[in-house]
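Spelled out from the first residue to the last, the chains are:
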2 protein chains.
Amino acid sequence: METTIDIKDDVSEIILNSAKTIFARYGFKKTTMDEIAQAARKGKSSIYHYFKSKEDIFKAIVEKEADELSAAIAKAINAETTSEKKIRAYVLARMKGINNLTNLYSALKDEYLEHYSFIENVRVKYDTEEVNTIKGILKTGVEDGEFKIEDINLTAFALVTALKGLEYPLFIKNNNAKTEKRFEGLLNVLFYGIIAR
Amino acid sequence: METTIDIKDDVSEIILNSAKTIFARYGFKKTTMDEIAQAARKGKSSIYHYFKSKEDIFKAIVEKEADELSAAIAKAINAETTSEKKIRAYVLARMKGINNLTNLYSALKDEYLEHYSFIENVRVKYDTEEVNTIKGILKTGVEDGEFKIEDINLTAFALVTALKGLEYPLFIKNNNAKTEKRFEGLLNVLFYGIIAR
DNA sequence: GTTCGACCGAAAAACCAATTTGGTCGATTA
DNA sequence: TAATCGACCAAATTGGTTTTTCGGTCGAAC
């Protein structure tokens, strides 16, 4: 199934891939349109036939990555039956997926502070999606009598926030195989609490 | 008990208090040593008799605030009997205490991004203290048979991280009376989990 | 439909003079 | 000895100007 030229070798795709490596290496600001064009073996003006701005290219890259992560997570969730297992699958898939974004992300961490509001926009949009995903699982769990939750909205929001907070110290800094077990421990707290019975 | 001049009216204390209001208003960078000296009704050189640098003054202020918060939290914890109540008291006291730091913090949020590594140092030191506090409570709770926790270290760390992550969206942005109730809901999840039984 | 050279305007970088400012020192006071 | 301060310095910052870079447009060519 690779005998023909891959249909994804579209010019847009070439530009996106070229740009991605340069962005990952130099960050958004330091990357020039000329560099992107050269890497794609095109003239600078040609790029504008496919994307309306540098920001646009960046947005396309980030959204593509985010979509791939979304898809991977959805797949992992659907493979499970109970709500508890779905939550576990979600956390694991998310954790692994975030790792792949590390390259792009680390190049941007210095610029993250600056006022590139469009980055924030993408993040907010994705956060909302995450909360909704979790909310859906929790809701189903409650309806099935599997979970008992006072405030689903708050719990979903808190879970996502906590996960995001744990991302950095647990994963970025401490990137070994034990990390997965650690998340398991946390999930047990989430499911069963810490009160003895 | 206020008939004599308060022993805290030390010159160091005057300098610290003067500096605090100026820092809170203008931030670290924009505040000059001359301004601090004037506010303390001293010559600029005199300041250096008590503090070795501007950074030093700032550090002293932050550490003082942090110590006061620590004390308030410790007091709240000790007033409670069971471990569960101690945790609840801790979270509430912490939440309220952080609010008081808002002034200083908000003036710094723009400079927070810059490489004032000493700020980060204070934060790390304080984080460690927080984790240890929680760890102590959890340990006692387990020993008393009140809690049942797989990995105390991880749970304490996760709880602090999650609290820190929830601080901003739950508290700074949404500063109404309902916030307290929200934390209550979260604590219930922590104690009892979400699994129905 | 695609590619590109030439060009534009705004933003950034580079440069420089003038000023500010964190910090030192020695003398003075008490 | 402890505390205060005026005078001073080197380094950083500021303000303003010039130069360069860079994102983006346009029209021609294929």
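In short, a report on the structure. The structure displayed is predicted, hence computed values, not measured ones. (Residues numbered from 1 in each chain as written. Chains lettered and ligands numbered in written order. Predicted model: local features only at pLDDT ≥ 70, side-chain atom pairs only at ≥ 80, totals over all residues. Heavy atoms only, no water.)

**Brief notes about the protein's contact with DNA strand D**
Around DNA strand D, 14 residues are found, and the nearest of them are Lys 44 and Lys 54 of chain A together with Gly 43, Ser 45 and Tyr 50 of chain B. The contact in question runs from a phosphate oxygen of DNA strand D to an N or O atom on the backbone of Thr 31 of chain A, over 3.2 Å. Tyr 50 of chain B places a side-chain nitrogen or oxygen 2.6 Å from a phosphate oxygen of DNA strand D. Elements with a contribution of two residues or more to the surface near DNA strand D: helix 3 (44–50) of chain A together with helix 3 (44–50) of chain B. Ranked by the residues each element gives to the surface near DNA strand D, the list is headed by helix 3 of chain B, at four residues. The class makeup of the residues in the surface near DNA strand D is three nonpolar, eight polar and three charged. (Near = heavy atom within 4 Å. Polar contact = N/O pair within 3.5 Å; in protein donor to acceptor, adjacent residues only side chain to side chain. Helix = DSSP H or I, 4+ residues; strand = E, 2+ residues; numbered from the N terminus. Nonpolar A, V, L, I, M, F, W, Y, C, P; charged D, E, K, R; others polar.)

**Thoughts on the packing of aromatic side chains**
Here a ring pair, both rings aromatic, is described through the centre-centre distance and the interplanar angle of the planes. Summed over the entire model, instances satisfying the criterion amount to 10 aromatic pairs over all chains. Judged by centre distance (5.3 Å) and plane angle (75°), the rings of Phe 28 of chain A and Phe 58 of chain A are edge-to-face. With a gap of 30 residues between them, Phe 28 of chain A in helix 1 (residues 11–30) and Phe 58 of chain A in helix 4 (residues 54–78) connect regions that are remote in the sequence. According to the relative accessible area criterion, Phe 58 of chain A is buried, its value standing at 2%. Centre to centre, the rings of Phe 23 of chain B and Phe 28 of chain B are 5.7 Å apart; their planes meet at 20°, and the pair counts as stacked. Given the relative accessible area of 1%, Phe 23 of chain B is considered buried. The class for Phe 28 of chain B is buried, based on a relative accessible area of 8%. An aromatic cluster is built from Phe 23, Phe 28 and Phe 58 of chain A, whose rings are joined through pairwise contacts. Directly above the aromatic system of Phe 28 of chain A lies the positively charged group of Lys 54 of chain A, at a separation of 4.8 Å from the ring centroid. (Phe/Tyr/Trp six-rings, centres within 6.5 Å; stacked < 30°, edge-to-face > 60°. Buried < 20%, exposed > 50% of the residue type's maximum accessible area, 1.4 Å probe, protein only. Lys NZ or Arg CZ within 6 Å of the ring centre and 35° of its normal.)

**Some remarks on the nonpolar core**
Ranked by internal contacts, the top residues of the largest apolar core, which has 30 residues, are Ile 194 of chain A together with Ile 87, Ile 134, Leu 138, Phe 147, Leu 190 and Phe 191 of chain B. For this core, the element with the highest residue contribution is helix 5 (residues 83–100) of chain B, accounting for seven residues. The next biggest cluster of nonpolar side chains, apart from the first, holds 29 residues, and it includes Leu 159, Val 160 and Leu 163 of chain A together with Ile 194 of chain B. (Core = buried A, V, L, I, M, F, W, Y, C linked by side-chain atoms within 4.5 Å.)

**Brief notes about empty space enclosed by the protein**
What the rule picks out here adds up to six cavities of 30 Å³ or more. Of the voids in this model, the largest cavity is the one considered here, and its volume is about 500 Å³. Contributions of two or more residues to the lining of the largest cavity are made by helix 8 (152–172) and helix 9 (178–192) of chain A together with helix 8 (152–172) and helix 9 (178–192) of chain B. The class makeup of the residues in the lining of the largest cavity is 22 nonpolar, two polar and no charged. (1 Å grid on protein atoms, 1.4 Å probe; cavity = no way out; pocket = protein on both sides within 12 Å on 5 of 7 lines; lining within 4 Å. Points joined across faces, edges and corners; volume = space filled by probe spheres on them.)

**Digging into the layout of surface pockets**
In this model, the second largest pocket occupies a volume close to 340 Å³. Every residue lining the second largest pocket is counted, 19 residues in all, and those nearest its centre are Gly 185 and Asn 188 of chain A together with Lys 148, Ile 149 and Glu 150 of chain B. Of all elements in the fold, only helix 9 of chain A together with helix 8 of chain B reach the threshold of two or more residues within the lining of the second largest pocket. For the lining of the second largest pocket, the leading source of residues is helix 9 of chain A, giving eight residues.

**Notes on the interface of chain A and chain B**
Across the contact, 32 residues belong to chain A and 32 residues belong to chain B. Regarding the contact of chain A and chain B, the summed buried area is about 2,700 Å², with carbon and sulfur atoms giving 74% of it. Looking only at chain A, the three residues that lose the most surface to chain B are Leu 154, Ile 194 and Ile 195 of chain A, adding up to 24% of its buried area. Between the two partners, chain A and chain B, sit seven residue pairs in polar contact (both at pLDDT 80 or more). Considering only residue class, the side of chain A that touches chain B consists of 19 nonpolar, seven polar and six charged. (Contact = heavy atoms within 4.5 Å. Buried area = accessible area lost by both parts, 1.4 Å probe.)

**With respect to the environment of Phe 51 of chain A**
Residue and element names in this part refer to chain A. Assignment of secondary structure puts Phe 51 in the loop between helix 3 and helix 4. C-alpha of Phe 51 to C-alpha of Ser 12: the two residues are 39 residues apart in sequence and 8.1 Å apart in space. Not counting the four nearest positions on each side in its chain, Phe 51 is found in contact with Ser 12, Ile 15, Leu 16, Asp 56, Ile 57 and Ala 60.

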